[in-house]
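# Commentary on secondary and tertiary structure
Chain by chain, the residues:
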Amino acid sequence: MNIRIRLMSILVGASGVAISLPSMIASPAVDQELAQQIFDTMLQVHGVQSGFRPVHAKGVVCEGTFTASKEAAALSRAAHFQGTPVPVKIRFSDGAPDPHVPDFSPEAGPRGLAMRFTLPGGEKTDIVAMSHNGFVVGTPAEFLALQKAVVATDPGKPHPWPVENFLGSHPLALKFVQESGGTAPASFGAEAYFSNALSPL
Ligand code: HEM
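Residues numbered from 1 in each chain as written. Predicted model: local features only at pLDDT ≥ 70, side-chain atom pairs only at ≥ 80, totals over all residues. Heavy atoms only, no water.

## Things to note about the packing of aromatic side chains
Counted under the stated rule, the structure contains six aromatic pairs. Ring plane angle 80° and centroid distance 6.3 Å describe the contact between phenylalanine 135 and phenylalanine 176, whose orientation is recorded as edge-to-face. You can see phenylalanine 135 sitting in the loop between strand S5 (124-130) and helix H4 (140-152) and its partner phenylalanine 176 sitting in helix H6 (residues 171-180), a full 41 residues away along the chain. Through a chain of ring-to-ring contacts, three or more aromatic side chains come together here, namely Phe66, Phe81 and Phe117. (Phe/Tyr/Trp six-rings, centres within 6.5 Å; stacked < 30°, edge-to-face > 60°. Helix = DSSP H or I, 4+ residues; strand = E, 2+ residues; numbered from the N terminus.)

In structure tokens:
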């Protein structure tokens, strides 16, 4: 499989592929009220700036084509696996809420990749992925509890902080935080991405 990318290279925090919010937290499985609570709490997190995404705020949008290898058609009937070049738009991002976080900062991880394939006939297929294998929590309710713990944490107060209590009782979340803050990749293109979300629209 090869992906030819002509880097449009616009450092943007505000525009982009714009695929994430509805498919991310308001899927049929998640009730609207919980989705709204999650989003409202995310907006209170330190570093979030209006006009930017509450997470993955800093990103770069690239445009190119995706051409599947000849073996791909034997694996899937998907339109983008048939070997004809398909236009793709990709937004690489730093996971942090701060739109000005330095890309090399330990706070910038995990990195994100959001990809939209525009299929013949105008249909779209999205992939949303991040550079950590496995998400920070298993359910939207746990994600809300994590966001609330982050918002309730005041570094000027004595330990244990609410977020430390949360991580103390959620080993996978602690592993996610510890592993996502490691050394920055040489480039967004040199990173491995893991997706939990694939949604033909
Ligand atoms: C409870 C689960 C989740 C919530 C509440 C959530 C929430 C969000 C929100 C609010 C945004 C900003 C959307 C926007 O303003 O356009 C976002 C962006 C993003 N999320 Fe999530 N997310 C969740 C799970 C995931 C998972 C499991 C992945 C990947 C495996 C992921 C990867 C991304 C990426 C890559 C972006 C940036 C998209 C872009 O560049 O347009 N998220 N998320």
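## Description of H6
All of the buried residues in H6 are Ala173, Phe176 and Ser180. Axial view of H6: buried residues confined to an arc of 55°, hence all on one face. Projecting away from the buried face of H6 at angles above 90 degrees are the exposed residues Pro171 and Gln178. Residues of H6 that are buried make contact with S5 and helix H5 (162-168). (Buried < 20%, exposed > 50% of the residue type's maximum accessible area, 1.4 Å probe, protein only. Arc of directions from axis to C-beta. Contact = heavy atoms within 4.5 Å.)

## Points about the packing of helix H2 (residues 32-42) against H4
Where H2 contacts H4, the axes come no closer than 9 Å and their chain directions differ by 25°. Taken together, the axes of H2 and H4 are roughly parallel relative to one another. Seen along the crossing, H2 lies across H4 with a hand that is left-handed. Across from Leu34, Gln37, Ile38, Thr41 and Met42 in H2, the residues of H4 making contact are Pro140, Ala141, Phe143, Leu144, Gln147, Lys148 and Val151. Residue classes in the contact of H2 with H4 are distributed as eight nonpolar, three polar and one charged. (Axes fitted to C-alpha atoms, helices over the stretch in contact; angles between N-to-C directions. Parallel < 35°, antiparallel > 145°, perpendicular 65-115°, else oblique. Left-handed = near helix turned anticlockwise from the far one by under 90°. Nonpolar A, V, L, I, M, F, W, Y, C, P; charged D, E, K, R; others polar.)

## Regarding the pairing of strand S3 (residues 86-94)
Most of S3 is tucked away: seven of the nine residues are buried. Relative to strand S4 (residues 111-118), S3 is paired through seven bridges, and the arrangement is antiparallel. The residue bridging lysine 89 from the neighbouring strand is arginine 116, located in S4. (Pairing = 2+ DSSP bridges.)

## Here's the deal with the pairing of S4
Within S4, seven of the eight residues are buried, leaving the element largely enclosed by the surrounding structure. Relative to S5, S4 is paired through seven bridges, and the arrangement is antiparallel. Following the sheet pairing, methionine 115 is matched in S5 by isoleucine 127. Where S4 folds back onto S5 in an antiparallel hairpin, the turn is made up of five residues, including glycine 121, whose phi is positive at roughly 95°.

## Quick word on the confidence of the model for the protein chain
Per-residue confidence for the protein chain averages 86 on the pLDDT scale, and 82% of its residues sit at or above 70. The model gives residues 1-26 a pLDDT under 50, and that stretch makes 73 contacts with residues more than four places away or in other chains. Low pLDDT, under 50, characterises residues 197-201; the stretch is placed with 16 contacts to residues that sit more than four places away or in other chains. (pLDDT = per-residue confidence, 0-100.)

## Digging into the pattern of salt bridges
All chains considered together, the criterion is met by six salt bridges. Where aspartate 103 meets lysine 58, a salt bridge forms, and the shortest distance between an N and an O atom there is 3.2 Å. Note that aspartate 103 is positioned in the loop between S3 and S4 and lysine 58 in strand S2 (residues 58-67), a separation of 45 residues in sequence. Owing to a relative accessible area of 34%, aspartate 103 belongs among the partly exposed residues under this scheme. The class of lysine 58 is buried, set by a relative accessible area of 15%. (Salt bridge = Lys/Arg side-chain N within 4 Å of Asp/Glu carboxyl O.)

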